[in-house]
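Remarks on the overall topology
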Amino acid sequence: MVVGESDLPRLLLEASRALGAEVVAGLDERGFPDARPGHAALFMHIDRRWGTRLTDLARRARMSKQGMMLVVDDLEQRGYVRRVPDPEDSRAKVVRLTARGRRFVAEARRSVAAVETRARRELGDRRYEALRDSLEQLIGVGGETAAE
């Protein structure tokens, strides 16, 4: 590596931060000024229709149960989710999106799509697809999703 040249993990981290900030800025423009990149851990993994147990959210996001509990607490205070009894096990709770949470998810998809459109425009189709394919290979996504 040449001195002054960024290593791959740093480049990936900086790209993630920059793109995440762009998504958050888009959400701010869409009426969600309290959006944070860390919220994605829940929104990416929750069953939008039925909700998901906290332990399943944590497993899917590859987080500790305690870490996910902090995310759920934060989003519950902000009115995006609520905890309800699990219909299959009265001792357990399911985290469900509120109406505000469902609107947030819809706007987050739009914001992500805008970021991807910009990236595709700047990189061109071939480089954009090569980047996506390479990143999926590096993180081992292949034929399965990260939520599985």
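About the cut-offs
- Residues numbered from 1 in each chain as written.
- Predicted model: local features only at pLDDT ≥ 70, side-chain atom pairs only at ≥ 80, totals over all residues.
- Heavy atoms only, no water.
- Helix = DSSP H or I, 4+ residues; strand = E, 2+ residues; numbered from the N terminus.
- Buried < 20%, exposed > 50% of the residue type's maximum accessible area, 1.4 Å probe, protein only.
- Contact = heavy atoms within 4.5 Å.
- Patch = residues over 30% accessible without salt bridge, like charges linked within 9 Å, V, L, I, M, F, W, Y side chains within 5 Å.
- Areas by Shrake-Rupley, 256 points an atom, 1.4 Å probe, with all protein chains shown as cover.
- Salt bridge = Lys/Arg side-chain N within 4 Å of Asp/Glu carboxyl O.
- 1 Å grid on protein atoms, 1.4 Å probe; cavity = no way out; pocket = protein on both sides within 12 Å on 5 of 7 lines; lining within 4 Å.
- Points joined across faces, edges and corners; volume = space filled by probe spheres on them.
- Nonpolar A, V, L, I, M, F, W, Y, C, P; charged D, E, K, R; others polar.

1. Structural notes on the overall build of the chain
- Helix and strand content of the chain: 6 helices and 3 strands.
- When the helices and strands of the chain are placed in sequence order, the string is α-α-β-α-α-β-β-α-α.
- Principal-axis analysis of the C-alpha atoms gives the chain an extent of 55 × 30 × 30 Å.
- For the chain, the residues scored as buried account for 29% of the 148 residues in total.
- Here the contacts in the chain between residues at least 6 apart in sequence split such that 49% fall between residues at least 24 apart.

2. Some details on unusual backbone geometry
- Non-glycine residue Arg-62 carries a positive phi angle of around 55 degrees.
- As for its position among the elements, Arg-62 is in the loop between helix H3 (54-61) and helix H4 (65-77).

3. A closer look at a nonpolar patch on the surface
- Residues Leu-8, Leu-11, Leu-12, Leu-131, Leu-135, Leu-138 and Ile-139 make up a contiguous nonpolar surface patch of about 650 Å² in total accessible area.
- Listed by contribution, the elements that provide at least two residues to the nonpolar patch are helix H1 (8-29) and helix H6 (125-139).
- Among the elements that take part in the nonpolar patch, H6 stands out by supplying 4 residues, more than any other.
- Its place among the elements puts Leu-12 in helix H1.

4. Here's the deal with the environment of Lys-65
- With respect to the helices and strands, the residue Lys-65 is situated in helix H4.
- Owing to a relative accessible area of 43%, Lys-65 belongs among the partly exposed residues under this scheme.
- Distance from Lys-65 to Thr-55, taken between C-alpha atoms, is 5.9 Å for residues 10 residues apart in sequence.

5. Here's the deal with the pattern of salt bridges
- By the definition in use, this model includes 18 salt bridges.
- Measuring nitrogen to oxygen at the nearest pair gives 2.7 Å for the salt bridge that ties Glu-122 to Arg-118. With Glu-122 and Arg-118 both in helix H5 (residues 99-123) and 4 residues apart, this pair spans about one turn of that helix.
- Residue Glu-122 is classed as exposed on the basis of its relative accessible area of 54%.
- Glu-136 serves as the salt-bridge partner of Arg-132, at 3.6 Å between the closest nitrogen and oxygen. Placement of the pair is Arg-132 and Glu-136 together in helix H6, with a separation of 4 residues, close to one helical turn.
- We classify Glu-136 as partly exposed; its relative accessible area is 29%.
- Several salt bridges share partner residues, and in doing so they unite Asp-34, Asp-74, Arg-78 and Arg-100 into one network.

6. Some thoughts on the layout of surface pockets
- Computed from the structure, the largest pocket encloses a volume of approximately 2100 Å³.
- Ser-16, Met-44, Val-112, Glu-116 and Arg-132 are, among the 46 residues lining the largest pocket, the residues nearest its centre.
- When residues in the lining of the largest pocket are grouped by element, the largest group, 11 residues, is from H5.
- Grouping the constituent residues of the lining of the largest pocket by class yields 27 nonpolar, 7 polar and 12 charged.

7. Focus: the side chain of Thr-98
- Note on placement: Thr-98 falls in the loop between strand S3 (89-97) and H5.
- Judged by relative accessible area, which is 15%, Thr-98 ranks as buried.
- Sequence-distant contacts of Thr-98, that is, excluding residues within four places in its chain, are made with Gly-79, Tyr-80, Val-81 and Arg-82.

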